[in-house]
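Residue-level structure breakdown
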Amino acid sequence: MSPILRRWRLLALILAVLVAGTVLIALTRDDTPTVGVRDVGIDVVDGPAGAVEYVRIDATLYTPSDLPAPAVLLAHGFGGSKDSVADQARELAGRGFVVLAYSARGFGASTGQIALNSPDYEVTDARRLVDWLATRSEVRQDGPNDPRVGVTGSSYGGALALSLAGTDPRVDALVPLITWNDLSQALLPNAAATGSTVTPAAGSFGGSFGGGSASGSGGLTLGTADPATAAGVFKRSWAGVFFGAGLAPGADAGPRGEALEPGQEPDEAGLGGSASSGASSSASSGAGAGPVVGGSAGASPSLLQLGCGRFRPEVCAAYIQVATTGLATPEVVRLLQAASPAAVAGNITAPTMLVQGVQDTLFGLDQSDATARQIADAGGTVKVVWYNGGHDGGAPGQRLRNKIMDWFDHHLAGRGTDPGTDFEYAVSGSFQRDGLASVRTVYAPSYPGLDGDTPVQREELALRGGTQPVFAPPGGSPAAVSSVPGLGTLSSAAGAFGGVAVDVPGQSASFGTTVFDEQLLIVGAPQVTLEVAAIPGAPLRDAVLFAKLYDVAADGRRTLPGGGVAPLRVTGLPADGTPVEVTVALPGIVRPIEPGHRVEVVVSTTDQAYAMPAEPTAFTVAAAGALSVPLVPGRSAAGSGVPTAPLVGIGAVLGGVLLTAVVAVLRRRRSDDPRPDLVEVPLVIENLTKFYAGGFKAVDDLSFRVEPGQVLGLLGPNGAGKTTALRMLMGLIRPNAGEIRVFGRLVRPGDPVLSRLGAFVEGPGFLPHLSGIDNLRLYWAATGRPAADARMDEALEVAGLGVAVRRRVGTYSQGMRQRLAIAQAMLGLPDLLVLDEPTNGLDPPQIREMRDVLRRYAATGRTVLVSSHLLAEVEQTCSHVVVMHRGRLVAAGEVAEIVAGGGQASFRVGSPAEAAAVLGAASGITDVEVEGDQVHADLGGLPRSFAVAALVEAGVAVEQAGPRRRLEDAFLQLVGEEAVQ
Amino acid sequence: MTDTPGPVLAEGRLQSDRPTERRLQSGDGRGAGGYRAGSTMPLRVELRRQLRRRRTQLSLGFLVLLPFILLAAFELGSDGEGNTSGGLVDLATTSGANFTIFTLFASAGFLLVVVVALFFGDTVASEASWSSLRYLLAAPVPRSRLLRQKAAVSALLSWLALVLLPAVATGVGVLFYGTGDALSPTGESTPFGTSLWRITLAAAYLFVHLSWVAALAMLLSVSTDAPLGAVGGAVLISILSQILDSITALGGLRDYLPTHYAFAWADLLATDVDWSEMAWGTFSAVTYAAAFGLLAWRRFATKDITS
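Thresholds, definitions, all that
Residues numbered from 1 in each chain as written. Chains lettered and ligands numbered in written order. Predicted model: local features only at pLDDT ≥ 70, side-chain atom pairs only at ≥ 80, totals over all residues. Heavy atoms only, no water. Helix = DSSP H or I, 4+ residues; strand = E, 2+ residues; numbered from the N terminus. Buried < 20%, exposed > 50% of the residue type's maximum accessible area, 1.4 Å probe, protein only. Contact = heavy atoms within 4.5 Å. Areas by Shrake-Rupley, 256 points an atom, 1.4 Å probe, with all protein chains shown as cover. Buried area = accessible area lost by both parts, 1.4 Å probe. Salt bridge = Lys/Arg side-chain N within 4 Å of Asp/Glu carboxyl O. Polar contact = N/O pair within 3.5 Å; in protein donor to acceptor, adjacent residues only side chain to side chain. Nonpolar A, V, L, I, M, F, W, Y, C, P; charged D, E, K, R; others polar. pLDDT = per-residue confidence, 0-100. Axes fitted to C-alpha atoms, helices over the stretch in contact; angles between N-to-C directions. Parallel < 35°, antiparallel > 145°, perpendicular 65-115°, else oblique. Left-handed = near helix turned anticlockwise from the far one by under 90°. Pairing = 2+ DSSP bridges. Core = buried A, V, L, I, M, F, W, Y, C linked by side-chain atoms within 4.5 Å.

**Here's the deal with the overall build of chain A**
- Across its full length, chain A holds 25 helices and 40 strands.
- The proportion of buried residues among the 981 residues of chain A is 54%.
- Counting only contacts in chain A whose residues sit at least 6 apart along the sequence, the fraction spanning at least 24 positions is 75%.
- Taken as a whole, chain A presents about 39200 Å² of accessible surface, with 56% of it coming from carbon and sulfur.

Here is the structure:
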């Protein structure tokens, strides 16, 4: 097949493979699954059982293509509606779940009033929704009135999920996100507590604070108000945001945008992109705009009802009470606790995945810590995930949502691998790129300290600062700023809080550690023991203080991780200034403290986000003890250590290579097929054939033999195949047929018998950057033979370059290189010397010297093979000759015999017939031939002069007399043919 | 024989060899006296041939010089103190270890590829272009052995390059930026001693990873007579692979590209090392190297040498 055709065929093959691959990829690409969407309205009883009024819950049912499927109840955050979770609902339905996204009472298009997840209202509504799901044929059922259902939601929705799971045993799995455990603690925190803890982010509440719950239930029973919570500090700004969200529909109080995930570039995260969800919720709930008037139509609304939006009156009244006084009555606390999962967390048996945000000043890490403790103490399965977002950060990104869906996949649908209960937390690197820190996730085997596990590892850091006075200003102003609620994703997350935090001088006491020389990763809530004392003479009241932990860089830049502040209220301060010792649980953070940084605990008397007493006074604060920071060592990779699959693959590949090498070596050691009768014969070529693609035969059935001591000339015009034959002799080219035997051994590439052969073919080959003598030496060294065998001096004599051998070969002329190459061929004085046109480019004196060298070389018993296209050279140099043309052997024999040997003579005469008669008549002259104007005759031993004399005597004009050149005839004939063609 | 009247082979010299003396046979009666296939083309001979070349000296010299050039660039451009925000480039001046890591990071994608392709792609093809390949093969140096020895010397030179660059960079970095912790862009810090060990491992991984370029360059080197074609071809294919790797639409198919794991050694910068990417990268590199290497061997062993 011609090369062009072959090339096109190869191209077509490649193209076919590419097209097939593209088609295959296009066909196997998954289509996006179709999801059915249907709006439903579900009527639920309004209020405790027995009441007759109904509330219509506006919901949307999303169905996957594969039915029946497990169901997921999707609750929304405060201020949202079913539309704010529409995207997540579609995602879940695409995974194969039936999703019921609904607007809670008092939100969106649902009627009713907001009761803050009260067990009688929202939780009961949710139970009715589960009853409704039990009637649907699309939903997989576990039994009569028991659908396979999971619950998930953020913030308000998350608390509903926990409360529902704690009261309704039909819930099979739940994933609450960024939600609270005890709303009274979340909105009225008091970080002062006693005792140490075993879990990383333990706050000052949630039962089992002393490392092992006495009651075992881990939950607070309703009605018993913890003295600490009764005296909490009101989280004014967040509470205001929530109240506002309940007043005006569409004011979504949830996080905007998505949090940055590990491996994401800052522009990949959907930052600031969920403004649409807020807009859509406002559009859909346009019907409920403005304050909704409760009660029967016709009655004039009271002032209270006008200002309360869609809240239930008792909720509204509670808020008003706290917001105006800054202190909560026990009734308010009871209301808030009733709205908390803490009451029922001990009853949760469904597998729970608790997701909490690291950047969340509303519901911090201590909330999920308490829930985890309560669930674990009761024997439930709980997995804790801390992600790089929150109310101040962002909503969960794609990876976290995938993890949530994997949780449901395993625990509801029975698909996929068990996600396990290991503890994951996101670390935000302190090195920022484009204003956003990069994130990595760390995995620990379990959440430390749960249900009797080993307590979390803690490190003690000494604090210095002594006793410092702090001043509380009148009216709580000017106040320090630690965070602005929900500001997070409008500017860079971690950086904004570092920049926003401002302390007012004179109002804060700071206690610092020494500078770190190694990185310390704080995971959880650090703890510090403070001594607070009143200053005798100053007005005496409860001390309201705000403790914060700063990361101070070497250049003095201070960052408040997560914007977290721990407010505390210290009651019962003695008037004489005796200090009261108070253990403070600082806010839970995940922060790497870099080498060169130090940590500062700052205690301030004011904070913009909280309600403070108006009376001015002063206190002294001292650090009594060390700062105890929790550490949770973990691995950055989720998987186990040794990657076995690629190692096995590497072993297989290496084994394969080794096997191939061994096989190749073994194949080489086949029988050598020696011919002992030819051991003394330097060269025997039999039926040698070589043709190239397209059928062009370079060498065609060539056979000849060289005996020791001969100087054989290989004669032929250019293109006769001489060089090809010589290359085959050197083992560079494989013949297609026939064989070459040197000293009886078959010639193959790399065969040892080639060491007895010295060659110069198609020009010199030297390294131009080395000198002549270095080239020869290195060449000999490359043959691996002992340096003494090289006969270097003799070879250099042949080259005859003198001192020029020390110059770089790059500076040589062609003739010098030629001579050096011939000398290289003679290194070691090989038994068979093969030279291809050795006199090409040499001057006549050099040619003559070369001729003498070759003759002497052959006289020692060695053999020389010279190839040339010059007839005269072959005649003069060689003893034997082989003539080739177009790859074939044309003539072979001794030069002397061919060149006018045996007395054959040719005469050019005027009248050939007459001359033939004369010569034929002469005695001793035989074999008379006439050829044109030439007469050939065999003179025997007679000299030509005798024949000339005879011819002249006979009157024949003799123009030329000389030896008969059979060789030239043959050769010129060939050359003539070439010229014609 | 014209420049200087060189003496011709002396009359009696060659004739003094008696025929029986001359034929020193080797043990099995096959080759000439003193010839053993196993001792042809010794490494030191090939090393001498390669080390004397200007391109070897220049490329190794450039690698030694590169850290100094980078140092000058950083010093001329910065305000003075090392800032701690940004990617690896901005971290480079925080400590000596970071400087070395940045140097490796900057040169792993292209510079080291070119150096390795140069050492491997140039060997056989340049012999072919000088016409010295046929004389070596007729010496006879067995073809497999020739290829093997040349590959070994090229590997030695590449190894030298991969050792020189981080070593000099570490020296320069420690002198100018101190022996502080190595910081990664995700905020993890490793002590100096550990980071030095990690840098050594990273260089070792790079050596294994670049073996695919080496094998490809070798394959091209035995296929063509032009050294530039072999080196350039290998570099071009590496660039093509990098371009395809950046097309995220290819998804999982990108794992099959040879350069996909070129920066897997960055996992060594973390506090606890994830070995899976590097393991897959080694597997990928070894597979490609084996495939190209076997192809090169087979091609060279059966090829008709026409150069």
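**Concerning the interface of chain A and chain B**
- Contacts between the two partners involve 93 residues from chain A, matched on the other side by 82 residues from chain B.
- With both sides pooled, the region where chain A packs onto chain B buries about 7500 Å², and carbon together with sulfur makes up 58% of that total.
- At the junction of chain A and chain B, the tally comes to 2 salt bridges.
- With its nearest N and O atoms 2.9 Å apart, the salt bridge here joins A:Lys690 to B:Asp304.
- Counting the contacts that link chain A with chain B gives 18 residue pairs in polar contact (both at pLDDT 80 or more).
- For the side of chain A that touches chain B, the secondary structure elements donating two or more residues are strand E12 (423–433), strand E13 (436–444), helix H15 (644–668), strand E32 (757–760), helix H17 (772–783), helix H18 (792–799), helix H19 (814–825) and helix H20 (844–859) of chain A.
- For the side of chain A that touches chain B, the element with the highest residue contribution is H15(A), accounting for 11 residues.
- Of the residues in the side of chain A that touches chain B, the class split is 42 nonpolar, 23 polar and 28 charged.

**Considerations on helix H16 (residues 722–729) of chain A**
Residues and elements named next belong to chain A.
- With 7 of 8 residues buried, H16 is to be regarded as a mostly interior element.
- Every buried residue belonging to H16 is among Lys 722, Thr 724, Ala 725, Leu 726, Arg 727, Met 728 and Leu 729, and all of these are buried.
- The first or second residue beyond H16 is Gly 731, which carries a positive phi of 80°.

**Quick notes on the confidence of the model for chain A**
- Of all residues in chain A, 85% have pLDDT values of 70 or greater, and the mean over the chain is 82.
- Overall, residues 208–230 of chain A carries pLDDT values under 50, and its contacts beyond four positions in sequence, including any with other chains, amount to 35 contacts.

**Let's talk about the pattern of salt bridges**
Residues and elements named next belong to chain A.
- For the coordinates displayed, the defined rule picks out 46 salt bridges over all chains.
- As a salt-bridge pair, Arg 401 and Glu 91 come within 2.9 Å of each other at their nearest N and O atoms. One end of the pair, Arg 401, is in helix H13 (residues 398–413); the other, Glu 91, is in helix H2 (residues 86–94), with 310 residues separating them in the sequence.
- Overall, Arg 401 belongs to the buried group, its relative accessible area being 17%.

**Looking at the packing of helix H3 (residues 54–77) of chain B against helix H5 (residues 96–108) of chain B**
Residue and element names in this part refer to chain B.
- Where H3 meets H5, the closest approach of the two axes is 11 Å, and the angle between their N-to-C directions is 110°. By the angle between their axes, H3 is roughly perpendicular relative to H5. H3 and H5 meet at a crossing whose hand is right-handed. In contact with Leu 66, Pro 67, Leu 70, Leu 71 and Phe 74 of H3, H5 contributes Phe 99, Phe 102, Thr 103 and Ser 107.
- By residue class, the composition of the contact of H3 with H5 is 7 nonpolar, 2 polar and no charged.

**Brief notes about unusual backbone geometry**
- A cis amide bond links A:Leu67 with the next residue in sequence, A:Pro68, at an omega value of -5°.
- Looking at the secondary structure, you find A:Pro68 in the loop between strand E2 (54–63) and strand E3 (71–75).
- Cis peptide bonds are those with omega within 30 degrees of zero, and the linkage from B:Ala139 to B:Pro140 qualifies with 0°.
- With respect to the secondary-structure elements, B:Pro140 resides in the loop between helix H7 (133–137) and helix H8 (143–177).

**What to know about the sheet that holds strand E27 (residues 683–691) of chain A**
All names here are of chain A.
- What the 4 strands build is an open sheet, ordered E28-E27-E30-E31; its pairing is antiparallel. The sheet is open, and its two edges are formed by strand E28 (697–706) and strand E31 (745–746), each paired on a single side.
- When E27 meets E28, the two strands line up antiparallel, connected through 6 bridges. If you follow Leu 683 over to E28, its bridge partner there is Val 706.
- Sitting on the sheet, H16 touches E27, E28 and strand E30 (737–742), and the angle it makes with E28 is about 65°.

**Thoughts on the confidence of the model for chain B**
All names here are of chain B.
- Chain-level statistics for chain B give a pLDDT mean of 84 and a share of 86% at 70 or above.
- The least confident element of chain B is helix H1 (residues 19–22), whose mean pLDDT is 42; the most confident is helix H10 (residues 211–223), at 95.
- Between residues 1–28, whose pLDDT stays under 50, and residues either more than four places distant or in other chains, the model counts 57 contacts.
- On the interface metric, ipTM, the complex scores 0.86, and its pTM is 0.69.

**A closer look at the sheet that holds strand E34 (residues 863–868) of chain A**
Residues and elements named next belong to chain A.
- Across the sheet, 6 strands lie side by side as E32-E33-E34-E29-E35-E36; this open sheet has mixed pairing. Either end of the sheet is taken by a strand with one partner, and the two such strands are E32 and strand E36 (888–894). Looking at each pair of strands side by side, their axes are set apart by 15° on average, direction ignored.
- The pairing of strand E35 (residues 880–885) with E36 spans 6 bridges and is classified as antiparallel. Residue pairing for E36: His 885 is matched across the bridge by Arg 888.

**Details of the nonpolar core**
All names here are of chain A.
- Formed by 152 residues in total, the largest nonpolar core has its most connected members in Leu 683 and Val 742.
- Residue contacts for Val 742: discarding those within four places in its chain leaves Val 681, Pro 682, Leu 683, Leu 729, Val 747, Val 753, Leu 757 and Leu 832.
- Counting residues in hydrophobic clusters, the runner-up holds 86 residues, among them Val 123, Trp 132, Ala 239 and Val 333.

**What to know about the packing of helix H6 (residues 111–130) of chain B against H10(B)**
All names here are of chain B.
- Running from N to C, H6 and H10 cross one another at 30°; their axes reach a closest spacing of 7 Å. Judged by the angle between their axes, H6 and H10 are roughly parallel. At the point where H6 passes H10, the crossing takes the right-handed sense. Contact with H6, carried on its side by Val 113, Val 116, Ala 117, Phe 120, Gly 121, Asp 122, Thr 123, Val 124 and Ala 125, involves Val 213, Ala 214, Ala 217, Met 218, Ser 221 and Val 222 of H10 and no other residues of that element.
- Its residues assigned to classes, the contact of H6 with H10 comprises 11 nonpolar, 3 polar and 1 charged.

**A look at the environment of B:Thr306**
Residues and elements named next belong to chain B.
- Residue position: Thr 306 is located in the segment after helix H12 (276–302).
- Taking the relative accessible area as the measure of exposure, Thr 306 reaches 54% and is therefore exposed.
- A sequence separation of 172 residues divides Thr 306 from Arg 134, and the C-alpha atoms of the two residues are 8.2 Å apart.

**Description of the environment of A:Gly763**
- Among the structural elements, A:Gly763 can be located in the loop between E32 and H17.
- For A:Gly763, a relative accessible area of 15% puts it in the buried group.
- The spacing of A:Gly763 and A:Gln814 is 51 residues in sequence and 9.4 Å in space, taken between C-alpha atoms.
- Discounting chain neighbours no more than four positions away, the residues touching A:Gly763 are B:Arg134 and B:Tyr135.

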